[in-house]
Amino acid sequence: MADPRSLHGLTFAINAGEHGDVLEFYTHVFGRGADTKPMDDFLEWQVCEGAWLQISTGHERPGGNNARVRFEVEDMDVAVARLGEARVPYGEVVTVPDVVQFVNFSDNWGNALGYYHLFAPRPLVTEEERLLQQLDMRVRTERRRVYEQGGDPGEVDIDAIRAELGLPPENASRRRPESGASASPEV
C-alpha cells in the first residue's frame, strides 16, 4: 500500500443534509464556523494539524455508512500506480480544476478510503466570513425560537444581533418596507 512517509494530510468525508443546518450544527460542535468552503455544497473544519473533516451538504438521505477517509498525496499518478500494483480496485480519478484531485477505493473489509491531491493551499475563511456565518446561525436560531413561541420570525431584530457580533447595521436598501411589515433585512 502507500508509504506513510509520502502522505501529507488526512480528511474524513461525510454526507449531511441542508447546508445551513449542517453549518449550524458543526459550528456548535467546533465552536467556530467552517475553516474553508471549497465549493457551494461543501464545508471543511481543520480538526488538528493536517486533519480535516469534510462535509458534503444537500443530501436527502445522509448518514450511516457514508464516511470516507482520504489520504493527502503529493503525486496522484504515483498513488494510483501503487493501487494498481497492489491490485486494489479504485474509481475514476476526479479533478476539480484549481482545487483538488481525488480517487476513491476501499480496503479489503469494505472501509471507504481515498487519496487526494490539493492543487493549491486551502483558502481559509476570512474573519468577516466567519462572523457572517455566526450571524446566519444566530438569526436562524432566533427565528426558530420566536416561531416556536408563536411569534413572527420576521420580527427578529437582525441589526441587534449584528451589533452583538460587532457587525455594522445592514444596508438600508436591503430592508423590507416599513408599512405593515417589520424592517428586518433578508439574510
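Our structure's up above, just so we're on the same page.
Rules and cut-offs
- Residue numbers run consecutively from 1 along every chain, following the written order of its sequence.
- In view of the model being predicted, local features appear only for residues whose pLDDT reaches at least 70, and side-chain atom pairs are presented and counted only at 80 or more, with totals across whole chains, interfaces and linings using the full set of residues.
- Hydrogen atoms and water are omitted, and side-chain values are computed over all heavy atoms in the structure.
- Exposure categories follow from relative accessible area, calculated using a 1.4 Å probe and restricted to protein chains: below 20% of the type maximum is buried, above 50% is exposed, and the middle band is partly exposed.
- The numbering of helices and of strands both runs from the N terminus, where a helix is a DSSP run of H or I of at least 4 residues and a strand a run of E of at least 2.
- Read the arc as the range of directions from the helix axis to the C-beta atoms.
- Any two residues having at least one pair of non-hydrogen atoms within 4.5 Å are treated as being in contact.
- Under the rule applied, a polar contact is a pair of N or O atoms within 3.5 Å (in protein, one hydrogen donor and one hydrogen acceptor; residues adjacent in sequence only if both atoms are side-chain atoms).
- For salt bridges, the criterion is a side-chain nitrogen of Lys or Arg within 4 Å of an Asp or Glu carboxyl oxygen.
- Here, a strand pair is defined by DSSP locating no fewer than two bridges between the strands.

1. Considering helix α2 (residues 76–85)
Then comes step 1: Buried within α2 are the following residues: M76, A79, V80, R82 and L83. On an axial view of α2, the arc spanned by its buried residues comes to 150°, and they lie on one face. Exposed side chains of α2 directed beyond 90 degrees from the buried face belong to D77 and E85.
Then comes step 2: Considering only its buried residues, α2 is in contact with β4 (68–73), β6 (100–106) and β7 (112–118).
Then comes step 3: The opening residue of α2, the one whose side-chain oxygen lies 2.9 Å from the backbone nitrogen of D77, is D75.
Then comes step 4: R87 occupies a position one or two residues after α2 and carries a positive phi of about 60°.

2. Some words on the side chain of R162
Then comes step 1: With respect to the secondary-structure elements, R162 resides in helix α4 (residues 158–164).
Then comes step 2: Within the local environment of R162, its side chain forms a polar contact with the backbone oxygen of P168, the two atoms lying 2.6 Å apart.

3. Observations concerning the pattern of salt bridges
Then comes step 1: Following the criterion strictly, the structure yields eight salt bridges and no others.
Then comes step 2: One salt bridge in this structure joins R140 and E24, with 3.6 Å as the shortest N-O distance. With R140 in helix α3 (residues 127–148) and E24 in helix α1 (residues 19–30), this residue pair connects regions lying 116 residues apart in the sequence.
Then comes step 3: Residue classification places E24 among the buried positions, given a relative accessible area of 9%.
Then comes step 4: Note that R32 and D35 form a salt bridge whose closest N and O atoms lie 2.7 Å from each other.
Then comes step 5: When its relative accessible area of 23% is taken as the criterion, R32 is described as partly exposed.

4. A look at the pairing of β7
Then comes step 1: Of all seven residues in β7, six are buried, a share of seventy percent or more.
Then comes step 2: Across four bridges, the pairing between β4 and β7 is parallel. Of the residues in β7, the one forming a bridge with E72 is Y116.
Then comes step 3: Relative to β7, β6 runs antiparallel, the two being bridged by seven bridges. Looking at β7, one finds that F102 is bridged to Y116.

Keep in mind that these numbers describe shape and distance, not what the molecule does.
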